[in-house]
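Topology and contacts: notes
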Amino acid sequence: VICWYVYLYEFVPAAIVVERHETAVVESIESKDSKGVSMCDVYDGSWVSDETYPLYNASQCPFAEKGFNCLANGRRDKAYLKWRWKPKNCDVLRFDVGEVLEKLRGKRVVFVGDSLSRTQWESMICLLMNGVEDKTSVYEVNGNKISKKIRYLGVRFSSYNFTVEFYRSVFLVHIGSVPKRSPKRVRSTIKLDELDHISSKWIDSDILVFNTGHWWNRAKLFEIGCYFKVNGRLKLGMSTMAAYTRALHTWASWVENTVNTNRTRVFFRTFEGSHWSGQNGHTCKVTKNPLVRSKREYRSHYSDIIKKVVNDMSVPVTTMHVTPMGSYRSDAHVGVWSDNPTVPDCSHWCLPGVPDAWNEILFSYL
């Protein structure tokens, strides 16, 4: 019984299904009537069929990873490309690439996080390249090809004098050394009270978008022998959720004390639900259509923690609560249509796809 309890709350916290009436209150982009009454929550909506989508061709975008280009990797049905996110009581602004390119002129956009953050970074670049006549004017600043392991990737739009950058920091906090006389199973540590050392590179940006969550999984951490550390001491019995909360407080303190929020717009994107199924959670079944909204929706403990921490901050930070909108897109995962079809993937998204909607909402904020 104890093992089953640990499995439920530590190994598979990412996508706990709850009935609609249990959904947490979400932060919103609001429009108000003449009496100041909120009318719209941009994250409360549904996916609607739209033949004007997708907004780009991943095969014509050199910055879209081959592994996320599902159509090029053999997926035959194209229905997953034809969906637009529609809030209940309003609309997300239609993407105007010319307007966005001008708004970003002279700016620096920075994404920080794990592979889901990298996917949003790739999506933004591909969206923006549609409005650039000279494609050769868009290039990776160090001449690097897109890689899962490179910690920094930066793409410059030279005609508009701005960059869109990605920093790989899957925990946001620092991965440290192993204290002396530690158990043999401890091969690395996560220093929950110290932000990633590359954080100094994130500060002077105009738009700063964070995410973290998918690596905060006891199975993954134990597999690599990674344990938590606070004030130089190992915390072998610390739960993942407690550690995640401590790390986010470290991040929040860093933002409050280091980032000039008068200049920098700071966003934190919530957890993106996966669609693994089966008894052990290892089965990946990609559907042909999105799930029906009226049945169930996902809620994530990670997202609840993110919203709580951000709401308690003393500086303006915007929570992008994308968890519900992603929960219906069981059709939009990579599945077996990656560059390694022997390993199914119900965590990452095809491009074009769901990350494009995240960026459309991001542009609406701006």
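Located above this text is the structure these notes cover.
The paragraphs below set out a description of the structure included in this document. (Residues numbered from 1 in each chain as written. Predicted model: local features only at pLDDT ≥ 70, side-chain atom pairs only at ≥ 80, totals over all residues. Heavy atoms only, no water.)

1. Some remarks on the sheet that holds strand 6 (residues 152-157)
- With mixed pairing, the 7 strands of this open sheet are ordered in space as 5-6-7-4-10-13-17. In this open sheet, the two edge strands, each paired with only one partner strand, are strand 5 (138-140) and strand 17 (318-320). Between one strand axis and the next, the sheet turns through 15 degrees on average, direction left out of account.
- Judged from the 6 bridges that link them, strand 4 (residues 108-113) and strand 7 (residues 162-168) form a sheet pairing that is parallel. In the strand pairing of strand 7, Val109 is matched with Val164. (Pairing = 2+ DSSP bridges. Helix = DSSP H or I, 4+ residues; strand = E, 2+ residues; numbered from the N terminus. Axes fitted to C-alpha atoms, helices over the stretch in contact; angles between N-to-C directions.)

2. Focus on the layout of surface pockets
- Approximately 230 Å³ is the volume attributed to the second largest pocket.
- Arg151, Arg168, Val170, Phe171 and Ile175 are, among the 13 residues lining the second largest pocket, the residues nearest its centre.
- Element by element, the count of residues in the lining of the second largest pocket is highest for strand 8 (residues 173-176), at 3 residues.
- Residue classes in the lining of the second largest pocket are distributed as 7 nonpolar, 3 polar and 3 charged. (1 Å grid on protein atoms, 1.4 Å probe; cavity = no way out; pocket = protein on both sides within 12 Å on 5 of 7 lines; lining within 4 Å. Points joined across faces, edges and corners; volume = space filled by probe spheres on them. Nonpolar A, V, L, I, M, F, W, Y, C, P; charged D, E, K, R; others polar.)

3. Concerning the environment of Asn262
- Turning to its location among the elements, Asn262 is positioned in the loop between helix 5 (240-258) and strand 13 (265-269).
- Sequence-wise, Asn262 and Val315 are 53 residues apart; in three dimensions their C-alpha atoms are separated by 9.4 Å.

4. With respect to empty space enclosed by the protein
- For the structure on display, the rule yields 3 cavities of 30 Å³ or more.
- Taken as a whole, the largest cavity holds about 110 Å³ of empty space.
- As for the largest cavity, its lining consists of 16 residues, of which Tyr53, Leu81, Trp83, Gly353 and Asp356 are closest to the centre.
- Listing elements by their share of the lining of the largest cavity, those giving two or more residues are strand 3 (83-87) and helix 8 (354-365).
- When residues of the lining of the largest cavity are assigned to their parent elements, the largest contribution, 4 residues, is made by helix 8.

5. Some remarks on the sheet that holds strand 8
- Taken together, the 4 strands give an open sheet; going across it, the order is 8-9-11-12, and neighbouring strands pair in mixed fashion. Strand pairing shows two members of the sheet lacking a second neighbour, strand 8 and strand 12 (233-234), which therefore form its edges.
- With respect to the sheet, helix 5 is in contact with strand 8, strand 9 (188-195) and strand 11 (226-230), its orientation differing from that of strand 9 by roughly 40 degrees. (Contact = heavy atoms within 4.5 Å.)

6. Structural notes on the packing of aromatic side chains
- Scanning all chains against the criterion turns up 19 aromatic pairs.
- Look at Phe210 and Phe268: their rings are 6.4 Å apart centre to centre, the planes differ by 25 degrees, and that puts the pair in the stacked class. Linking Phe210 in strand 10 (residues 207-210) with Phe268 in strand 13, this pair joins segments that are 58 residues apart in sequence. We note that Phe210, like Phe268, is buried.
- Plain terms: the ring middles of Tyr244 and Tyr302 are 4.9 Å apart, the flat faces sit at 85 degrees to each other, and that makes the pair edge-to-face. You can see Tyr244 sitting in helix 5 and its partner Tyr302 sitting in helix 6 (residues 301-311), a full 58 residues away along the chain. Here Tyr244 matches Tyr302 in class, with each residue buried.
- What links up through ring pairs into an aromatic cluster is the set Phe171, Trp215, Trp216, Phe228, Tyr244, Phe271 and Tyr302.
- Above the plane of the ring of Tyr80 lies Arg75, whose end atom (NZ or CZ) is 3.9 Å from the centre.
- For Lys220, the ring lying beneath its charged end belongs to Trp215, and the centroid distance is 5.1 Å. (Phe/Tyr/Trp six-rings, centres within 6.5 Å; stacked < 30°, edge-to-face > 60°. Buried < 20%, exposed > 50% of the residue type's maximum accessible area, 1.4 Å probe, protein only. Lys NZ or Arg CZ within 6 Å of the ring centre and 35° of its normal.)

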